[in-house]
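Secondary and tertiary structure notes
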Amino acid sequence: MPSAGMQKEKDSVIKEKSSDQIWENCLKLIKDNVNPQNFKTWFEPIKAVKLDQNTLTIEVPSQFVYEWLEEHYIGLLRKTVKRELGPEGRLEYSILMKLPLKILNLTRLRFLLKATMV
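Residues numbered from 1 in each chain as written. Predicted model: local features only at pLDDT ≥ 70, side-chain atom pairs only at ≥ 80, totals over all residues. Heavy atoms only, no water.

Quick notes on the environment of lysine 50
You can see lysine 50 is positioned in strand 1 (residues 47–52). Excluding residues that lie within four positions of it along the chain, lysine 50 makes contacts with Ser19, Thr55, Leu56 and Thr57. (Helix = DSSP H or I, 4+ residues; strand = E, 2+ residues; numbered from the N terminus. Contact = heavy atoms within 4.5 Å.)

As structure tokens, then:
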């Protein structure tokens with residue numbers, strides 16, 4: 001178990017790092033523990049969103065990816081996050097919700113119509 005002094009030192013190092021740096025370090029560990037195709041499929045699309053104290057938030061491309069990670073890789077994710085952020089390290093997900101193209105085009109069309117009517 002790390003001493004209070006060691007934890008304070010780790011906390012100050014974490015504050016100096018960005019969410020991207022922390023996630024990149026996690027990805028290095030993950031890459032060593034999964035086959036290349038699984039890494040490319042499940043981990044490459046993930047982006048770090050924010051780091052708030054000992055909580056790293058990552059953005060996953062869909063609900064399906066989130067569920068797959070939770071079902072198949074939660075142990076590995078916990079291990080890597082705790083290694084980077086300390087024993088109190090936590091991971092949160094942000095799920096990217098993509099709207100169907102038709103809805104996006106309708107929204108864009110409405111905006112364009114409003115802009116031209118002003």
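Things to note about the pattern of salt bridges
Between side chains of opposite charge, a pair can form as their charged atoms come close. Following the criterion strictly, the structure yields one salt bridge and no others. Among the salt bridges present, the one from glutamate 92 reaches arginine 90, with a minimum N-O distance of 2.6 Å. (Salt bridge = Lys/Arg side-chain N within 4 Å of Asp/Glu carboxyl O.)

Here's the deal with the sheet that holds strand 1
Read across the open sheet, the three strands follow the order 1-2-3; overall the sheet is mixed. Two strands lie at the open edges of the sheet, namely strand 1 and strand 3 (90–95), each paired on one side alone. Between one strand and the next, the sheet's axes are offset by a mean angle of 25°, whatever the strand orientation. Pairing between strand 2 (residues 55–60) and strand 3: six bridges, direction parallel. The residue of strand 3 that forms the bridge with threonine 55 is arginine 90. Lying on the sheet, helix 2 (residues 19–31) is in contact with strand 1 and strand 2; it crosses strand 1 at an angle near 120°. Contacting strand 1, strand 2 and strand 3, helix 5 (residues 74–85) crosses the sheet at an angle of about 120° to strand 3. (Pairing = 2+ DSSP bridges. Axes fitted to C-alpha atoms, helices over the stretch in contact; angles between N-to-C directions.)

Structural notes on unusual backbone geometry
Positive phi is not limited to glycine here, since glutamine 53 has a value of about 55°. Mapped onto the elements, glutamine 53 comes out in the loop between strand 1 and strand 2.

Some remarks on the nonpolar core
The biggest cluster of nonpolar side chains holds 21 residues, and the ones touching the most others in it are Trp23, Ile30, Phe43, Leu69 and Tyr73. Taken together, the elements giving at least two residues each to this core come down to helix 2, helix 3 (36–43), strand 2, helix 4 (63–72) and helix 5. Excluding its chain neighbours within four sequence positions, the residues that come into contact with tryptophan 23 are Ile30, Ile46, Ala48, Leu56, Ile58 and Leu77. (Core = buried A, V, L, I, M, F, W, Y, C linked by side-chain atoms within 4.5 Å. Buried < 20%, exposed > 50% of the residue type's maximum accessible area, 1.4 Å probe, protein only.)

With respect to the packing of aromatic side chains
Here the structure, examined in full by the defined rule, presents six aromatic pairs. Between tryptophan 42 and phenylalanine 64 the ring centres are 5.9 Å apart and the planes differ by 45°, which places this aromatic pair in the tilted class. One end of the pair, tryptophan 42, is in helix 3; the other, phenylalanine 64, is in helix 4, with 22 residues separating them in the sequence. The class for tryptophan 42 is buried, based on a relative accessible area of 12%. Between phenylalanine 43 and tyrosine 73, the ring centres sit 5.0 Å apart and the planes meet at 70°, which makes this aromatic pair edge-to-face. Placement of phenylalanine 43 in helix 3 and of tyrosine 73 in the loop between helix 4 and helix 5 is noted, with a sequence separation of 30 residues between them. Grouping aromatic residues by their ring pairs yields a cluster made of Phe39, Phe43 and Tyr73. (Phe/Tyr/Trp six-rings, centres within 6.5 Å; stacked < 30°, edge-to-face > 60°.)

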